Amino acid sequence: MFSPDPQALPRHDARVARVAATIAAAAEAGQRVRAVRETVSHFVPNPHAPRQEKRPVDVSDLTEILELDVAGRSCRAEAGVTFMDLVRATLPHGLAPKTVPELRTITIGGAVAGCSVESMSYRYGGFHDSCLSYELVDGLGQIQTCARGEEMFELMHGAYGTCGVLTALTFELIPAKPFVRLEHRMHQRFEPWWAELQALCAGDDYAFIDGIIHGPDAWVICLGNFVDEAPQLSDYERQGIYYRSTLVKREDHLTAEQYFFRYDAECHWLTRTLPGFENPIVRRLFGRWILGSTNLIRWSDRVKPFLKMKRRPEVVVDVFIPAARMPEFMSWYVEVFDFFPLWIVPYQMPGVYPWVADAWRPGVGDGFVIDCAVYGKPNSDPEIDWSEVLERKVTELGGVKTLISRNHYTEEAFWRIYDRPRLEAFKAKMDPKGVFDGLYAKFAPRNYDR
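Residues numbered from 1 in each chain as written. Predicted model: local features only at pLDDT ≥ 70, side-chain atom pairs only at ≥ 80, totals over all residues. Heavy atoms only, no water.

## Some words on the overall build of the protein chain
Quick reminder of the rule: The helix count covers DSSP runs of H or I at least four residues long, the strand count covers runs of E at least two residues long, and both are numbered beginning at the N terminus. Residues are treated as being in contact if the distance between any of their heavy atoms lies within 4.5 Å. Under the convention used here, a 1.4 Å probe and the Shrake-Rupley method define accessible areas, while residue burial counts only the protein chains that appear.
A count of helices and strands for the protein chain gives 17 helices and 16 strands. Contacts spanning at least 24 positions in sequence make up 72% of the contacts within the protein chain whose residues lie at least 6 apart. Summed over all atoms, the accessible surface of the protein chain reaches about 19,200 Å², with 52% contributed by carbon and sulfur.

Quick look at the structure:
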């Protein structure tokens, strides 16, 4: 175990003490708080969200890697460390996180508070499933630590910052090599694609498994492995467009870092919603200011006043479908929802998470679900709100959707999925003075049609 900087731990302790003092003062004054970060928020922008006066808690400097245990394959880092900085620190040692979300500036704390999956999730689950312990500040300003298996640890995942502020995480790493060899397998129908995808996920021949559905007759399985050498390298940072390559290339090679963030330049394919930004000339001239998830999210923040003029925003959401219901979901999706490409991530939970209500657990089955990620379906039809239609279908099939995009749940429907007694008891223990928002209140529906 070594620290990249011997002074990192004392600096960390001082920063956490400052965060704790701010929250304690807010609790004493009966105020609510909001975390302030330098990185962009990866919540789907909501121009209709109400603004509330809250005391700011500055966590923008919680960005250091504190300890790296190369032999033991673990790392301890502050919650604001981005995955881009994390992989740049671990790859030179031949290591990588077990799950690396696809956007460069997602933070490790954000990955735990919400949910983050990627192409290693068929084997390792979400990033939070690789974590060993957390340090956090609760709603009274108390600094607490917890380890895997403890209630506090298990319920911080999926709490979305409603029970405390994560300040440091310890998590596992796996061996990694400098490059990734990719293989793209094409199918023309769902049935053979689905049969092969399930068979591949049951084996251990590949480090990375995900998929892209380009249309009703173009079903791609994307496979990858770490390798020591690459005959040639593709570049999807500026001119190349990764998602398009999966239709035409049967084999590809990337550096490990570029593989982890292969979707970042386009935010998957959201650049398609901006006229001209898949044009090579436009990309060459303006790419450095436009391409990349951070640039795209910042631009969306700048144009929020104009977004309010739209009837509704495009549908951008991840939904988790129990594997047993995937054939039914995809039949409906192709016939009714009809929006492509669709990103597919197989996701094996180590067990159904404790925040899932008891009555909802049977539908989730053994915890093997498929993340179906929709990026940019137009949603201006005055008669149909596609965001709500999709949410209803996911609920009908016993699935769960991420909460960081638009929500339509009534309170009753929400608490059929989430374990209200357990979550509210945990909230009362962690935040007895209500410094943080409640889970349903934080994600309650906003009316876009008025």
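That shown, we press on.
## Overview of the packing of helix α6 (residues 190-202) against helix α12 (residues 326-337)
Note the threshold: In this description, a line fitted to the C-alpha atoms serves as the axis of each element, helices being fitted only across the stretch in contact, and the angle between N-to-C directions of two axes falls anywhere from 0 to 180 degrees. Here a crossing is called left-handed whenever its near helix is offset anticlockwise from the far helix by less than a right angle, and right-handed whenever the offset is clockwise. Each residue gets one label: Ala, Val, Leu, Ile, Met, Phe, Trp, Tyr, Cys and Pro are nonpolar, Asp, Glu, Lys and Arg are charged, and the others, such as Gly, are polar.
Running from amino to carboxyl end, α6 crosses α12 at an angle of 145°, the nearest separation of the two axes being 12 Å. In this structure, the crossing between α6 and α12 has a hand that is right-handed. From α6, F190, W193 and W194 reach across to α12, where they touch M326, P327 and M330. Considered class by class, the residues forming the contact of α6 with α12 number 6 nonpolar, no polar and no charged.

## Quick notes on α12
Quick note on the threshold: Every helix has an expected span of 1.5 Å times one less than the residues it contains.
Taking 1.5 Å per residue as the helical rise, α12 with its 12 residues ought to reach 16 Å, whereas the 15 Å between its terminal C-alpha atoms falls clearly short. Residue D338 follows α12 closely and has a positive phi angle near 55°.

## Some points on the sheet that holds strand β15 (residues 368-377)
Just so we agree on the cut-off: At least two DSSP bridges between two strands are required for those strands to pair.
Taking strand neighbours across the sheet as the criterion, the 8 strands line up as β12-β9-β11-β10-β14-β15-β13-β16 in an open arrangement whose pairing is antiparallel. The two strands at the open ends of the sheet, each matched to only one other strand, are β12 (251-255) and β16 (400-401). Here strand β13 (residues 315-322) runs beside β15; their pairing, made up of 8 bridges, is antiparallel. Its bridge partner being in β15, D318 is matched across the sheet by A373. Docked against the sheet, α6 engages β9 (179-187), β10 (208-215), β11 (218-227), β14 (342-348) and β15, running at close to 20° with respect to β11. Running at roughly 15° to β15, α12 makes contact with β10, β11, β13, β14 and β15 of the sheet.

## Some points on the packing of aromatic side chains
Using the following cut-off: Here is the rule: rings of Phe, Tyr and Trp (six-membered ring for Trp) pair when centre to centre is within 6.5 Å. Planes less than 30 degrees apart are stacked, more than 60 are edge-to-face, and the remainder are tilted. Categorising residues by exposure relies on relative accessible area from a 1.4 Å probe, with only protein chains included: less than 20% of the type maximum marks a residue as buried, more than 50% marks it as exposed, and the intermediate range marks it as partly exposed.
As enumerated under the stated definition, the model contains 31 aromatic pairs in all. Summarising the aromatic geometry, the rings of Y236 and Y242 are spaced 5.5 Å apart at their centres and angled 75° between planes, so their arrangement reads as edge-to-face. Taken as a pair, Y236 and Y242 share a single burial class, namely buried. The interplanar angle of 85° and the centroid separation of 5.6 Å between the aromatic rings of F337 and W386 together place this pair among those described as edge-to-face. With F337 in helix α12 and W386 in helix α14 (residues 386-396), this residue pair connects regions lying 49 residues apart in the sequence.

## Brief notes about the environment of V352
As for its placement among the helices and strands, V352 is situated in the loop between β14 and α13 (361-364). Sequence separation between V352 and F368 is 16 residues, and the spatial gap between their C-alpha atoms is 9.0 Å. In this structure, V352 is in contact with R361, V364, G365 and G367, ignoring residues within four places of it in sequence.

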